[in-house]
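Spelled out from the first residue to the last, the chains are:
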Amino acid sequence: MMSAKQHAPATLRNREPIAEVLARELPASGTVLEIAAGTGEHAVYFAERFHALAWQPTDPSDEALASIAAYRAEYPGDNLAAPLLLDAAAPESWPVAAADAIVCINMVHISPWEATLGLFRGAARLLGSSGGPLILYGPYIEAGVETAPSNLEFDASLKARNPLWGLREAEALDALAASHGMARAARYAMPANNLVLVYR
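Residues numbered from 1 in each chain as written. Predicted model: local features only at pLDDT ≥ 70, side-chain atom pairs only at ≥ 80, totals over all residues. Heavy atoms only, no water.

**Q** How should the sheet that holds strand β9 (residues 194–199) be read in this particular structure?
**A** What links the strands of a sheet is backbone hydrogen bonding, and the strands pair in either a parallel or an antiparallel sense. Pairing in this open sheet of seven strands is mixed, and the strands run β3-β2-β1-β4-β5-β9-β8 from one edge to the other. At either end of the open sheet lies a strand with only one pairing partner, and these are β3 (84–85) and β8 (184–190). In this structure, strand β1 (residues 30–35) lies alongside strand β4 (residues 101–105), joined through four bridges in parallel fashion. Bridge pairing in β4 links V32 to A101. This element, helix α3 (residues 62–73), spans β2 (53–59) and β3 of the sheet and lies at about 150 degrees to β2. This element, helix α6 (residues 170–179), spans β5 (134–138), β8 and β9 of the sheet and lies at about 15 degrees to β9. (Pairing = 2+ DSSP bridges. Helix = DSSP H or I, 4+ residues; strand = E, 2+ residues; numbered from the N terminus. Contact = heavy atoms within 4.5 Å. Axes fitted to C-alpha atoms, helices over the stretch in contact; angles between N-to-C directions.)

Here is the structure:
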């Protein structure tokens, strides 16, 4: 299990600022669905931080699922569920019937646009009329706001790795949310030129 663990250096830097936002936006109880949970380091940290919430990590990668399971095996609490295989681009086949909140960290720019389309479609279906939040973290491009040079370089490097990847425009996400009966409820400026966008 130890060898299955993966480590994302950014996790240690951003987990506390993200947790501060989550403390303001997450419900007091219920199930949080984490989409594209990656290494699983965030899932363990947030599950420990928010004891009253059931944390359900998911990812489309077998390697990520193995890493999440390895971290979970050492987690002493009982509110972190076993990771599930979930492809954001195919919300009709998500293995979760309901959620009280959805968290998605650093996926929107490192995936095809179809994954974001599916994310909002699935979020609208799962969150329904409960008012539960869809919480997105990552770098975004905003109209009327100068994009940091480091983010422009990151965008170019992403597109060089995969032309379907790249930083998305926040306004495009707003429009996508509106098409599913959701609206942006909050925007938080985060360290290292990242944002948290909250939709309900």
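**Q** Got a minute to help me understand the environment of A19 in this structure?
**A** Summarising the element assignment, A19 is placed in helix α1 (residues 9–25). Look at A19 and you get buried, because its relative accessible area is 0%. For the pair A19 and Y45, spaced 26 residues apart in sequence, the C-alpha to C-alpha distance is 8.8 Å. With sequence-adjacent residues up to four places away left out, A19 is seen in contact with Y45, F46, R49 and F50. (Buried < 20%, exposed > 50% of the residue type's maximum accessible area, 1.4 Å probe, protein only.)

**Q** What am I meant to see in the nonpolar core here?
**A** For soluble globular proteins, the rule of thumb is that nonpolar side chains tend to be buried together. Ranked by internal contacts, the top residues of the largest apolar core, which has 29 residues, are I35, I102, L119, F120, L134, L136 and Y199. Sorting the residues of this core by element identifies β1, β4, α4 (113–127), β5, α6 and β9 as the ones contributing at least two each. The element best represented in this core is α4, accounting for six residues. Ignoring any residue separated from it by four or fewer positions in sequence, one finds L119 in contact with I35, A88, W94, I102, C104, M107, V108, L134 and L136. (Core = buried A, V, L, I, M, F, W, Y, C linked by side-chain atoms within 4.5 Å.)

**Q** Which parts of the structure should I look at to understand the pattern of salt bridges?
**A** A side chain of one charge can pair with a side chain of the opposite charge when the charged atoms of the two come close. Counted under the stated rule, the structure contains seven salt bridges. For K5, the salt bridge is made with E74, and the minimal N-O distance between the two is 2.6 Å. Remark: E74 occurs in the loop between α3 and β3 and K5 occurs in the segment before α1; sequence separation between them is 69 residues. With relative accessibility at 24%, the residue K5 sits in the partly exposed group. Put simply, D155 and K159 hold a salt bridge, and the shortest N to O gap is 3.1 Å. Taken together, the residues span about one helical turn, with D155 and K159 both in helix α5 (residues 149–161) at a distance of four residues. Judged by relative accessible area, D155 falls into the buried class, the value being 11%. Residue classification places K159 among the partly exposed positions, given a relative accessible area of 42%. (Salt bridge = Lys/Arg side-chain N within 4 Å of Asp/Glu carboxyl O.)

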